[in-house]
Amino acid sequence: MAKRKYVRTRSLKDGMRIDQSIVDRSGRVLIRRGTLLDEFMISAMLKRGIGGVYIGDGEDDLVPDNNNSGTNPEQIVIPEKTKQIVAMNRVIDKKKVRLSESVKERVGEGIRFLYANTEDSNFTSATNNIADDLMKAILENDAIAVDVDALKVSDEYTFKHSVDVAAMAMVIGKRYGLSEKQVYELGIAGLLHDVGKSKIPNEVLNKPGRLTDEEFKIIKDHSLFGYNILKGKNDINDHIRLGVLQHHEKINGQGYPMAVPGDRICPYARILSIVDIYDALITERPYKAAFSKRDAVEMLMAMTDELDIDMMSAFLNSVILYPVDSIVSLSNGEMAKVVANSPGYPLRPKVVEIATGAVYDLAGDIKCASIVIA
């Protein structure tokens, strides 16, 4: 298997095969993973301020998103010597947000009610009930990490996405140092960040094909619709309303609906922007396939001119892509077991190679710089 390496955009050459996808601020794919680059594409990436990308060394050896080796991790035999080395290096993952099945059901019903009854007198109390459940889940075990796969409350994208964004935002807000009250408000803003989509026709919202310019404008107006829904509710404060209004604004002033620069974007929106993009990327939709979590994180890391760098750091310290004890394929062709995650470097945990017991500290050892997880 060929190695995967990071190359500065200015050093890219015609014919190199890109090993990640490039997306615009609305999540549309501009350059798909596996594409052979040409001068036009390289020039476009430079103009967008993309400093570097991953490429595959071999034309036919792109690192797969999943383990396609045909090996079932449960069938892998780990030598006793390797088991001892794993035990010596194993560090339990940070505590993650967990919702019981009964809480998931309650949260799912609550979020469906909110989006169907935006004018109901119980709208705010229903929102608070969901935020209470999420806050309790975070505080009960002092959670400082989140695994979105464990949060599923609905098969309907808008509802699931709203809970994913709220939970991730609350964990990141806590990691960033927001007060308990602010984390709670951030959760409410996350739950309601897309409530304006309730005013958009389903045939536009779920259109499987390419949107027309007019349809795309309607979609972009959802944050303004959401703000207007909340504007008349005196028990929802301005910080929450601004979080909903500005969650698609960008630090460089190229976002919407107002295209304001970073110093005019509220802190809640800066966090929501990151988790909104991340969750949208890793979720399959009628008009796009889901990206791997690894690719989604790489895309976010390439958006340094658009996203708040301090909030991004809190995100990278909160998300767990490869839980401890996962079996992973490495770009050098070896199989390994994850023994510890590296704070701030979710793509580069410490792993132990199964056959030999070799320890690869992907984040801390310069000799491992060329090795990535496949």
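Everything quoted here is computed from the prediction, not taken from an experiment.

**Student:** So what exactly am I meant to see when it comes to helix H9 (residues 222-231) here?
**Tutor:** Along an α-helix, a turn takes 3.6 residues, which lines up residues three or four apart on a common side. The set of residues buried in H9 consists of His222, Ser223, Gly226, Ile229 and Leu230. Projected onto a plane normal to the axis of H9, the buried residues spread over an arc of 115° and lie on a single side. Next to the buried residues of H9 lie helix H4 (123-140), helix H6 (180-192), helix H8 (213-220) and helix H10 (238-246).

**Student:** Whenever I open this one, the environment of Ile282 confuses me. Can you help?
**Tutor:** As for its position among the elements, Ile282 is in the loop between helix H11 (267-281) and helix H12 (293-301). For the pair Ile282 and Ser292, spaced 10 residues apart in sequence, the C-alpha separation works out to 5.9 Å.

**Student:** What's the story with the side chain of Lys160 in this structure? I'm lost.
**Tutor:** Within the secondary structure layout, Lys160 lies in helix H5 (residues 157-176). Using a relative accessible area of 18% as the deciding quantity, one classes Lys160 as buried. Of the polar contacts made by the side chain of Lys160, one reaches the side chain of Asp164; its length is 2.5 Å.

**Student:** Help me understand unusual backbone geometry in this model?
**Tutor:** Trans is the prevailing form of peptide bonds, just as negative phi is the prevailing case for residues other than glycine. The linkage connecting Tyr256 with the following residue, Pro257, adopts the cis geometry, with an omega of 15°. In this structure, Pro257 sits in the loop between H10 and H11. Here Ala259, not a glycine, exhibits a phi torsion of approximately 55°, which is positive. With respect to the element layout, Ala259 can be found in the loop between H10 and H11. In this structure, Asp325 takes a positive phi of about 90° despite not being glycine. Note that Asp325 resides in the loop between helix H13 (309-316) and strand S6 (327-329). Residue classification places Asp325 among the partly exposed residues on the basis of a relative accessible area of 33%.

**Student:** What should I look at first to understand the confidence of the model for the protein in this one?
**Tutor:** When pLDDT is averaged along the protein, the result is 86; 90% of the residues meet or exceed 70. When pLDDT is averaged over each helix and strand of the protein, the minimum, 76, is found for strand S3 (residues 22-23) and the maximum, 98, for H10. Note on residues 58-71: pLDDT under 50 across the span, and 28 contacts to partners over four residues away in sequence or across chains.

**Student:** I would appreciate a short explanation of the packing of aromatic side chains in the present structure.
**Tutor:** Each aromatic ring pair is summarised here by two numbers: the centre-to-centre distance and the angle between the ring planes. Scanning all chains against the criterion turns up 2 aromatic pairs. Relative to Phe159, the ring of Tyr115 has its centre 5.8 Å away and its plane inclined at 65°; by these criteria the two rings are edge-to-face. Highlighted residues: Tyr115 in helix H3 (residues 101-116) and Phe159 in helix H5, separated in sequence by 44 residues. For Phe159, a relative accessible area of 14% corresponds to the buried category.

**Student:** Explanation requested: the pattern of salt bridges in the structure shown.
**Tutor:** Oppositely charged side chains may form a pair once their charged atoms are brought near each other. Summed over all chains, the structure comprises 14 salt bridges. Linking Arg90 and Asp325 is a salt bridge whose minimum nitrogen-to-oxygen distance equals 2.7 Å. Linking Arg90 in the loop between helix H2 (80-89) and H3 with Asp325 in the loop between H13 and S6, this pair joins segments that are 235 residues apart in sequence. Here Arg90 falls in the partly exposed class, since its relative accessible area comes to 38%.

**Student:** Explanation requested: the packing of H6 against H10 in the structure shown.
**Tutor:** The angle between the axes and the distance between the axes are what describe a pair of packed helices. Contact geometry for H6 and H10: axes closest at 9 Å, N-to-C directions at 40°. Of the possible angle classes, the one that applies to H6 and H10 is oblique. Considering the relative orientation of H6 and H10, their crossing is right-handed. Contact with H6, carried on its side by Glu185, Ile188, Ala189 and Leu192, involves His239, Ile240 and Val244 of H10 and no other residues of that element. Taken together, the residues of the contact of H6 with H10 break down into 5 nonpolar, 1 polar and 1 charged.

**Student:** Is there a simple way to think about the environment of Tyr345 in this case?
**Tutor:** Examined against the element boundaries, Tyr345 turns out to sit in strand S8 (residues 345-353). We classify Tyr345 as exposed; its relative accessible area is 51%. Excluding its chain neighbours within four sequence positions, the residues that come into contact with Tyr345 are Leu316 and Ala363.

Conventions and cut-offs
Residues numbered from 1 in each chain as written. Predicted model: local features only at pLDDT ≥ 70, side-chain atom pairs only at ≥ 80, totals over all residues. Heavy atoms only, no water. Buried < 20%, exposed > 50% of the residue type's maximum accessible area, 1.4 Å probe, protein only. Helix = DSSP H or I, 4+ residues; strand = E, 2+ residues; numbered from the N terminus. Arc of directions from axis to C-beta. Contact = heavy atoms within 4.5 Å. Polar contact = N/O pair within 3.5 Å; in protein donor to acceptor, adjacent residues only side chain to side chain. pLDDT = per-residue confidence, 0-100. Phe/Tyr/Trp six-rings, centres within 6.5 Å; stacked < 30°, edge-to-face > 60°. Salt bridge = Lys/Arg side-chain N within 4 Å of Asp/Glu carboxyl O. Axes fitted to C-alpha atoms, helices over the stretch in contact; angles between N-to-C directions. Parallel < 35°, antiparallel > 145°, perpendicular 65-115°, else oblique. Left-handed = near helix turned anticlockwise from the far one by under 90°. Nonpolar A, V, L, I, M, F, W, Y, C, P; charged D, E, K, R; others polar.

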